[in-house]
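Geometric and topological summary
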Amino acid sequence: MRVFVIHRSHQLRKAKSVISVISKSNRLGLKPRYLKCATEIDWKRLAEQEIFLSEAVIVFSQKDCSESENARWEIDKAKSMGKAVVYIEDSSENVSALEALTEIRDFNSEFESCFNEVSPDSNLNFELYKIMVETSEELIRRRQITNGFFITLIGGIVSVSGYLTKEGIVATSSVWLLFFPTLVGILLCRSWRNLIENYGKLNRGKFRVIHKIESQFDAKIFSAEWIALGKGARPEKYRSFTETEKRVPLLFEILLGLLFLVIAWRTDWQEFFDLLTSLISIQLCG
């Protein structure tokens, strides 16, 4: 979560230390942005830009900042932009600040506000519930299709590369040509893992909505199922599909990495560089 930190210049090091500890110890994932000096040319434009790009603004040491005209200007600017302003002190446990940052990170208020207009007695709840369940199932089908696509494509790269090498179709002097499909395969594995992770996040978001709508019903079947599975906290009861699926592209990536090393070992580098030099010379002459 990107945050802009308002502080006094002489407290920059202390602010970095305190906010880093708060972020790591509470797993907030803060990405703080600091202006080193508020007296530099065009600092107001830089501060305004950072405030605009940040999800929240942290004021380090409210008392000290209140004594600075520049800090007061930054605070007023943040409020005028509608940014949440959180106060953190050096000599405090900052309980309220942690709650506020957690709230901002998880978008809890905005999430809850999406359900304010829905009547508990409306049939609309059940229709929305059905839509969310159906889209969740559709997401699983898309996920399976994506996995099948990458397995076929990357498996094909591995198979063809191995076949060309085994049958001697690619000679020792030109084995470096296999660098390119192997590298493409490694990049595809990275993309695949990223897609799996995003599918998992999207599905978690859908089930958060499903559980919220389900709270209006007498029977909460998906919530009950999640509880029966230990809420994901007990591996012996349930392991995340996302974490399991991510191992497949990782294994492919390791396999391609080993293939990459074999190709590098078998490549006649002197001949490769001679060919490269010849190609460059031809290009320059042309």
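Data block above holds the structure.
Note that the coordinates shown come from a computational prediction; the quantities given were computed from them, not determined experimentally. (Residues numbered from 1 in each chain as written. Predicted model: local features only at pLDDT ≥ 70, side-chain atom pairs only at ≥ 80, totals over all residues. Heavy atoms only, no water.)

Some details on helix H4 (residues 69–80)
Compared with an ideal rise of 1.5 Å per residue, which puts twelve residues at 16 Å, H4 spans 16 Å between its outermost C-alpha atoms and is within 8% of the ideal. For H4, the set of buried residues is Ala71, Glu74, Ile75 and Ala78. With its buried residues spanning 100 degrees around the axis, H4 presents them on a single face. Exposed positions of H4 whose direction lies more than 90 degrees from the buried face are Glu69, Asp76 and Ser80. Elements that come into contact with the buried residues of H4 comprise strand S1 (2–6), helix H2 (43–53), strand S3 (56–60), helix H3 (62–66) and strand S4 (84–88). Where H4 terminates, the next one or two residues include Gly82, which has phi positive at roughly 80 degrees. (Helix = DSSP H or I, 4+ residues; strand = E, 2+ residues; numbered from the N terminus. Expected span 1.5 Å × (residues − 1). Buried < 20%, exposed > 50% of the residue type's maximum accessible area, 1.4 Å probe, protein only. Arc of directions from axis to C-beta. Contact = heavy atoms within 4.5 Å.)

Topic: the packing of H2 against H4
Running from N to C, H2 and H4 point in directions that differ by 35 degrees, and their axes come no closer than 10 Å. As for how H2 packs across H4, the hand of that crossing is right-handed. For the pair formed by H2 and H4, the contact residues are Trp43, Lys44, Ala47, Glu48 and Ile51 on the first element and Asn70, Trp73, Glu74, Lys77 and Ala78 on the second. Looking at the contact of H2 with H4 residue by residue, the classes come out as five nonpolar, one polar and four charged. (Axes fitted to C-alpha atoms, helices over the stretch in contact; angles between N-to-C directions. Left-handed = near helix turned anticlockwise from the far one by under 90°. Nonpolar A, V, L, I, M, F, W, Y, C, P; charged D, E, K, R; others polar.)

Remarks on unusual backbone geometry
The backbone of Ser61 sits at a positive phi, close to 65 degrees, despite the residue not being glycine. Summarising the element assignment, Ser61 is placed in the loop between S3 and H3. Here Asn94, not a glycine, exhibits a phi torsion of approximately 55 degrees, which is positive. Here Asn94 is to be found in the loop between S4 and helix H5 (95–106).

Focus: the packing of helix H8 (residues 179–214) against helix H9 (residues 221–228)
Taken N-terminus to C-terminus, the directions of H8 and H9 make an angle of 120 degrees; their axes are 8 Å apart at the nearest point. Comparing their axes, H9 and H8 come out oblique. Between H8, through Phe207, Ile210, His211 and Glu214, and H9, the contact on the second element is made entirely by Ile221, Phe222, Ser223 and Trp226. When the residues that make up the contact of H8 with H9 are grouped by side-chain class, the tally is five nonpolar, two polar and one charged. (Parallel < 35°, antiparallel > 145°, perpendicular 65-115°, else oblique.)

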